[in-house]
Amino acid sequence: MSALPTSRTQLDVAAIRRDFPILSQTVNGKPLVYLDNAASSQRPRAVIDAISHYYEFDHANVHRGVHALSQRATDAYEGAREVVRRFIRARDTKEIIFTRGTTESVNLVAQSLLRPTLQPGDEILISALEHHANIVPWQLVCEQTGATLKVIPIDQRGVVDFAAFERLIGPQTKLLALAHVSNALGTVVPVADFIAVAKRHGVPVLLDGAQAIPHAAVDVQALGCDFYCFSGHKMLGPTGIGVLYGRRELLERMPPWQGGGDMILSVTFEKTEFNQLPWKFEAGTPHISGAVGLAAAIRYLEGIGMDRIAAYEQELLAYATERLSTVPGLRVIGTAPEKASVISFVLDNIHPHDIGTIVDSEGVAIRTGHHCAMPVMDFFAVPATARASLAFYNTFEEIDRLVAALEHTQRVLG
Amino acid sequence: MDLKDLYRDVIVDHNRHPRNFGKLEPADVHAQGHNPLCGDRLTLYANLDGDRISDIKFEGSGCAISVSSASLLTEAVKGKTRAEVQQLFEDVHALLTRHDANVDLAKLGKLAALSGVREFPARVKCASLCWHTLNAALESKSEPVTTE
């Protein structure tokens, strides 16, 4: 076995790992190696404690009561919104809508921005890299309105074809919806280049940031996107909470998409006056503890520093790519020049599902399947891939454990 | 959980060298099975002599469990009547899903090698796909079967 590289980022990974209680367990008698972070990351003690603290001391409904607990809950919830705003460098907390996750954020834009305005002949532009969450909501709104979904192709490396994009965009394009980072392949899409062209055409841009935001600093104003969608649970936060960032001018123009409590100012049977941003889009009692947990997750990430996280994960990615290339019969799917720490691969003559089961018996958790990106699988003509997705709490040793588990897989089925 | 219970020698052998693999032309009945979660796809072809399966073949791709299960199925049902196949299907289903299953393993022959699958709930669908597909073929269903 080769000597393990020395990290240059000086991240104290051993100390970081102690912050994540779930990591210090054995699975099938072996120390857990958790490499399924693109599906869902794990939570540090700080997040778990923040949620517990909220329920033990501060819980009541928000925006309603004059009593102390309601005020505390409201402060915690709205405080979380400010933490999110600062984290993604948005101008205003009115631009931060809490949702159930990326999927709901995308659906909100589809139904509120596009459904009332799209007509036959209009087009929505996505790429062939997209997760189903950035495909199906647009297909639904196309069915509802008679508009057409257009797809920018990718090449054999998993890079979105920029020249094809420039040919596809035009006056008929009403929205460009792109993954910032591909969940299936790890490709980092150079979204700034796409946004620049879209702006020239006056086309609003939505970014699916679910896989980008755990790995690098995101500045929505610098990017210049109109919408940015992400989920809490892929960035150390709770499940069931996510964010839609939207540029205020657009959000102001968009009608509510769900009706109920909290999103109104006054209701009579004749007329309802809707609440202001951001509450106009948050009908019903929100996921308060989820927002609290998400804010704790962001504070934890900020405490380490997104730039240091990105640098260390790039070291992990380089090491994993090199080590996996030594496994006979292993082919990496997705070889874009710029990638996040996600590696999809296939092994000759061994189905990914068998890989997943056998490496699990060695305590190694990876994802196998189509990764909710069936068109990507079709493009590469594979039924499924195995995917190792790395977080900053993973180690070089764990990558060696993965490689050993893959070699074991080949012995079991060889 | 022991991996050797899942990937028994019989399973590994049938995955590496699937029996009755290929297309049956002409075939009296055929059906497609698809497991969308893992991408397993198979097509079963059968010829019938009255009530009896006189010949059967399958083609497709999938994980070791789904391929070997289909291969074992073709060996097990060839020459059997519809009623016998139905009984076998019920026994295999019990074997795959129920810990308290009172199945006579000796009667199942090589199919008994699938008994380890029930310790791996995520893999039960892989093993059962071919059986659902066979049922569809015998009932001449035109819609592809899925295990979802």
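Bear in mind the structure is a predicted one, so any value in this text is a computation, not a measurement.

Here we look at the overall build of chain B
Piece 1. The helix and strand tally for chain B stands at 6 helices and 4 strands.
Piece 2. Across chain B, helices and strands are ordered from the amino to the carboxyl terminus as α-α-β-β-β-α-α-α-α-β.
Piece 3. Here the C-alpha atoms of chain B give a radius of gyration of 14 Å, agreeing with the 15 Å that 2.2 N^0.38 yields for 148 residues.
Piece 4. Taken over the C-alpha atoms alone, chain B extends approximately 45 × 30 × 25 Å along its principal axes.
Piece 5. When each of the 148 residues of chain B is scored for burial, the buried share is 53%.
Piece 6. Partitioning the intrachain contacts of chain B with sequence separation of at least 6 by distance along the chain shows that 59% fall at a separation of at least 24.
Piece 7. Surface exposure of chain B reaches about 6800 Å², of which carbon and sulfur atoms provide 47%.
Piece 8. Averaging the positions of the 18 positive and the 21 negative side-chain charges in chain B gives two centres separated by 3 Å.

Topic: the state of the cysteines
Residue and element names in this part refer to chain B.
Piece 1. Overall, the coordinates contain 0 disulfides over all chains when judged by the stated rule.
Piece 2. The cysteine Cys-63 is free of any disulfide, with Cys-126 supplying the nearest cysteine sulfur at 3.8 Å.
Piece 3. Cys-63 gets classed as buried once you look at its relative accessible area, which sits at 0%.

Describing the environment of Ala388(A)
All names here are of chain A.
Piece 1. Among the structural elements, Ala-388 can be located in strand E17 (residues 385-389).
Piece 2. Given a relative accessible area of 3%, Ala-388 falls into the buried group.
Piece 3. Ala-388 sits 22 residues away from Ile-366 along the chain, and the two C-alpha atoms are 5.3 Å apart.
Piece 4. Not counting residues up to four positions away in its chain, the partners in contact with Ala-388 are Leu-35, Ser-341, Val-342, Ile-343, Phe-345, Ile-366 and Leu-402.

A word on the side chain of Gln111(A)
Residues and elements named next belong to chain A.
Piece 1. Along the chain, the position of Gln-111 falls in helix H4 (residues 102-114).
Piece 2. Side chain to side chain, Gln-111 and Arg-115 meet in a polar contact 3.2 Å long.
Piece 3. Once residues lying within four places of it in the same chain are set aside, the contact partners of Gln-111 are Pro-116, Val-141, Gln-144 and Trp-257.

Some words on empty space enclosed by the protein
Residues and elements named next belong to chain A.
Piece 1. Enumeration over the complete set of coordinates arrives at 3 cavities of 30 Å³ or more.
Piece 2. The volume enclosed by the largest cavity comes to roughly 100 Å³.
Piece 3. Lining the largest cavity are 15 residues, and of these Ser-41, Pro-214, His-215, Lys-234 and Ala-391 lie nearest its centre.
Piece 4. Residues belonging to the lining of the largest cavity are distributed by class as follows: 8 nonpolar, 5 polar and 2 charged.

Section: the confidence of the model for chain B
When pLDDT is low, close inspection of the predicted coordinates is not appropriate.
Piece 1. When pLDDT is averaged across chain B, the result is 91; 96% of the residues are at 70 or more.
Piece 2. Scoring of the predicted complex yields 0.94 for pTM and 0.89 for ipTM.

Notes on the packing of helix H12 (residues 352-361) of chain A against helix H14 (residues 396-413) of chain A
All names here are of chain A.
Piece 1. In the contact formed by H12 and H14, the axes pass within 9 Å of each other and the chain directions differ by 115°. Classed by the angle they form, the pair H12 and H14 counts as roughly perpendicular. Classified by chirality, the crossing of H14 by H12 is right-handed. Packed against H12, whose contacting residues are Asp-354, Ile-355, Ile-358 and Val-359, the element H14 presents Ala-405, Leu-406, His-408, Thr-409, Val-412 and Leu-413 at the interface.
Piece 2. When its residues are assigned to classes, the contact of H12 with H14 shows 7 nonpolar, 2 polar and 1 charged.

Looking at the nonpolar core
Piece 1. With 163 residues, the main nonpolar core has Leu176(A), Tyr228(A), Ile366(A), Phe392(A) and Tyr7(B) as its most contacted residues.
Piece 2. For this core, the element with the highest residue contribution is helix H10 (residues 288-304) of chain A, accounting for 11 residues.
Piece 3. Non-local contacts of Ile366(A), meaning those with residues more than four positions away in its chain, are made with Leu35(A), Asp36(A), Phe345(A), Ile355(A), Gly356(A), Val359(A), Ala386(A), Arg387(A), Ala388(A) and Leu402(A).
Piece 4. Ranked by size, the runner-up nonpolar core spans 26 residues in total, among them Ile97(A), Leu113(A), Trp138(A) and Val141(A).

Some points on unusual backbone geometry
All names here are of chain A.
Piece 1. Look at the link from Leu-277 to Pro-278: it is a cis peptide, with omega at -5°.
Piece 2. Looking at the secondary structure, you find Pro-278 in the loop between strand E12 (272-274) and H10.
Piece 3. Positive phi, close to 55°, is recorded for Asn-28, a residue that is not glycine.
Piece 4. Following the sequence through the fold, Asn-28 ends up in the loop between strand E1 (26-27) and strand E2 (30-31).
Piece 5. Residue classification places Asn-28 among the partly exposed residues on the basis of a relative accessible area of 32%.

So, the sheet that holds strand E7 (residues 173-179) of chain A
Residues and elements named next belong to chain A.
Piece 1. Read across the open sheet, the 7 strands follow the order E4-E10-E9-E8-E7-E5-E6; overall the sheet is mixed. In this open sheet, the two edge strands, each paired with only one partner strand, are strand E4 (96-99) and strand E6 (148-152). The mean angle between the axes of side-by-side strands here comes to 20°, regardless of whether they run parallel or antiparallel.
Piece 2. In this structure, strand E8 (residues 205-208) lies alongside strand E9 (residues 227-231), joined through 3 bridges in parallel fashion. Each residue of the ladder has a partner; that of Leu-206, found in E9, is Phe-227.
Piece 3. Across the sheet, helix H3 (residues 68-87) touches E4, E9 and strand E10 (242-246), and the angle it forms with E4 is around 115°.

Observations concerning the interface of chain A and chain B
Piece 1. At the interface, 17 residues of chain A touch 19 residues of chain B.
Piece 2. Regarding the contact of chain A and chain B, the summed buried area is about 1400 Å², with carbon and sulfur atoms giving 60% of it.
Piece 3. Taken together, chain A and chain B are joined by 1 salt bridge.
Piece 4. The shortest N-O distance in the salt bridge between Arg123(B) and Asp354(A) comes to 2.8 Å.
Piece 5. Remark: the boundary between chain A and chain B carries 7 residue pairs in polar contact (both at pLDDT 80 or more).
Piece 6. If you list the elements that add at least two residues to the side of chain A that touches chain B, you get H12 and H14 of chain A.

Criteria and cut-off values
- Residues numbered from 1 in each chain as written.
- Chains lettered and ligands numbered in written order.
- Predicted model: local features only at pLDDT ≥ 70, side-chain atom pairs only at ≥ 80, totals over all residues.
- Heavy atoms only, no water.
- Helix = DSSP H or I, 4+ residues; strand = E, 2+ residues; numbered from the N terminus.
- Rg over C-alpha atoms; globule rule 2.2 N^0.38 Å.
- Buried < 20%, exposed > 50% of the residue type's maximum accessible area, 1.4 Å probe, protein only.
- Contact = heavy atoms within 4.5 Å.
- Areas by Shrake-Rupley, 256 points an atom, 1.4 Å probe, with all protein chains shown as cover.
- Lys, Arg positive; Asp, Glu negative; His and termini not counted.
- Charge placed at Lys NZ, Arg CZ, Asp CG, Glu CD.
- Disulfide = S-S within 2.5 Å.
- Polar contact = N/O pair within 3.5 Å; in protein donor to acceptor, adjacent residues only side chain to side chain.
- 1 Å grid on protein atoms, 1.4 Å probe; cavity = no way out; pocket = protein on both sides within 12 Å on 5 of 7 lines; lining within 4 Å.
- Points joined across faces, edges and corners; volume = space filled by probe spheres on them.
- Nonpolar A, V, L, I, M, F, W, Y, C, P; charged D, E, K, R; others polar.
- pLDDT = per-residue confidence, 0-100.
- Axes fitted to C-alpha atoms, helices over the stretch in contact; angles between N-to-C directions.
- Parallel < 35°, antiparallel > 145°, perpendicular 65-115°, else oblique.
- Left-handed = near helix turned anticlockwise from the far one by under 90°.
- Core = buried A, V, L, I, M, F, W, Y, C linked by side-chain atoms within 4.5 Å.
- Pairing = 2+ DSSP bridges.
- Buried area = accessible area lost by both parts, 1.4 Å probe.
- Salt bridge = Lys/Arg side-chain N within 4 Å of Asp/Glu carboxyl O.

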